[in-house]
Amino acid sequence: MSAQAVAVLALVVTAAAFVQGTSGLGFALVVAPVAGLLDPSLLPVFVLASMIPLNVYVAWRERRYLDLRGAGWITAARLAATPGGLALLWAVPERRLGLVVGAATVLAAAVSLAAPAFVPGRAAYLGAGVVTGLTETATGVGGPPLALVYQHRPPAELRSTVALCFLIGEVVSLALLLATGRGTPAQLGWAVLLLPALAAGAWLSRLAHHRVDAARMRPLVLAFALVSGAVLILAP
């Protein structure tokens, strides 16, 4: 990538880390379409690797509010679905990966915007885990199913529990991708290179997560995801 492209990606990573650290979702929805436009070979390893330190931080920062029961069901289903996500990634040619990421982003954002309120139970936890395991392993985008489950819970519970679920799943997906040759050290290197940008966004979220109205931020994140995902679908 050119220096200008790296600078753009760094700004996007900072903004996405701030958004997720504040609202509990949004990193992959914001970063994956932009990364796909700049360099499709970064997906999904770059997004997965970048989110690991962010989710460690958020889960630890708000560990008092963790929903361990829900996280347990989600994680079990997510791990069971991870090989399916890997199979999907193998089935999609690299030149088509941007299209798949764009479609997954648009669909996830649209569902998040349209879904009615509900009280989650075991079936909802398991369903969210399965969908996340498939989509996050294949594309790096997996937040909306978890956000749907916790969207009507206290913001701190959403942030901490989603972060823990992401963290466990990302480590497993990343290890599987690297072990099967679908990930490379170069992709991990980009995540390391942009770690200062990620840290800046996380630090800013620490200052703002008690003050920013996450309910108002969420539609803005999803609107950005819809637009960027559509651009990725339409890109040549």
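Just so it is clear, the model here is predicted, and its values are computed rather than measured. (Residues numbered from 1 in each chain as written. Predicted model: local features only at pLDDT ≥ 70, side-chain atom pairs only at ≥ 80, totals over all residues. Heavy atoms only, no water.)

Another point: the overall build of the protein chain. For the protein chain, the helix and strand inventory stands at 11 helices and 0 strands. Secondary structure elements in the protein chain, listed N-terminal to C-terminal, are α-α-α-α-α-α-α-α-α-α-α. The buried share of the protein chain, taken over its 236 residues, is 53%. About 10200 Å² of surface is accessible on the protein chain, with carbon and sulfur atoms providing 72% of the total. (Helix = DSSP H or I, 4+ residues; strand = E, 2+ residues; numbered from the N terminus. Buried < 20%, exposed > 50% of the residue type's maximum accessible area, 1.4 Å probe, protein only. Areas by Shrake-Rupley, 256 points an atom, 1.4 Å probe, with all protein chains shown as cover.)

A word on helix α4 (residues 68-91). If you check α4, its first and last C-alpha atoms are 34 Å apart, about what 24 residues at 1.5 Å a residue would give, namely 34 Å. Where α4 bends most, at alanine 81, the angle is about 35°, and the proline proline 83 comes one to four residues later. When we look at burial in α4, the residues that qualify are Gly70, Ala71, Ile74, Thr75, Ala77, Arg78, Ala81, Thr82, Gly85, Leu86 and Leu89. (Expected span 1.5 Å × (residues − 1). Bend = angle between axes of the 7 residues up to and from the residue.)

Secondary-structure assignment places threonine 14 in helix α1 (residues 3-23). Within the local environment of threonine 14, its side chain forms a polar contact with the backbone oxygen of alanine 197, the two atoms lying 3.0 Å apart. Ignoring sequence-local partners within four residues, the contact set of threonine 14 consists of Ala197, Ala200 and Gly201. (Polar contact = N/O pair within 3.5 Å; in protein donor to acceptor, adjacent residues only side chain to side chain. Contact = heavy atoms within 4.5 Å.)

Moving on, we come to the side chain of aspartate 39. Along the chain, aspartate 39 turns up in the loop between α2 (27-38) and α3 (45-61). Arginine 182 provides the closest opposite charge to the buried, unpaired aspartate 39, separated from it by 12 Å. A polar contact of 2.7 Å, which involves the side chain of aspartate 39, links it to the side chain of serine 41. (Lys, Arg positive; Asp, Glu negative; His and termini not counted. Salt bridge = Lys/Arg side-chain N within 4 Å of Asp/Glu carboxyl O.)

With 12 residues, α2 extends 16 Å from end C-alpha to end C-alpha; this agrees with the ideal 16 Å at 1.5 Å per step. Of all 12 residues in α2, 10 are buried; the element is thus mostly enclosed. Burial in α2 covers these residues: Phe27, Ala28, Leu29, Val30, Val31, Ala32, Pro33, Val34, Ala35 and Gly36.

What follows deals with the packing of α3 against helix α8 (residues 155-179). Relative placement of two packed helices is described by the angle separating their axes and the distance separating the axes. Where α3 meets α8, the axes come as close as 8 Å, and the angle between the chain directions of the two elements is 145°. Crossing geometry of α3 relative to α8 is assigned as left-handed. Between α3 and α8, the residues in contact are Val45, Leu48, Ala49, Met51, Ile52, Asn55, Val56, Val58, Ala59 and Arg61 and Arg159, Ser160, Ala163, Leu164, Phe166, Leu167, Glu170, Val171, Ser173, Leu174 and Leu177, respectively. Looking at side-chain class alone, the contact of α3 with α8 contains 15 nonpolar, 3 polar and 3 charged residues. (Axes fitted to C-alpha atoms, helices over the stretch in contact; angles between N-to-C directions. Left-handed = near helix turned anticlockwise from the far one by under 90°. Nonpolar A, V, L, I, M, F, W, Y, C, P; charged D, E, K, R; others polar.)

Assignment of secondary structure puts tyrosine 125 in helix α6 (residues 122-139). You can call tyrosine 125 buried: its relative accessible area is 6%. For the pair tyrosine 125 and leucine 146, spaced 21 residues apart in sequence, the C-alpha separation works out to 8.1 Å. Once you skip the residues sitting within four places of it in the chain, tyrosine 125 turns out to touch Asp67, Arg69, Gly70, Trp73, Ile74, Pro120, Val149 and Tyr150.

Once that is clear, we can look at the pattern of salt bridges. Evaluation of the coordinates by the stated rule reveals 2 salt bridges. Close ionic contact of glutamate 62 with arginine 61 constitutes a salt bridge, the shortest N to O distance being 2.8 Å. You'll find glutamate 62 and arginine 61 in the same group, each marked buried. A salt bridge links arginine 159 to glutamate 62, with the shortest nitrogen-to-oxygen separation between them at 2.6 Å. With arginine 159 in helix α8 and glutamate 62 in the loop between α3 and α4, this residue pair connects regions lying 97 residues apart in the sequence. The same class applies to arginine 159 and to glutamate 62, which are both buried. Linked by salt bridges that have partners in common, Arg61, Glu62 and Arg159 make up one network.

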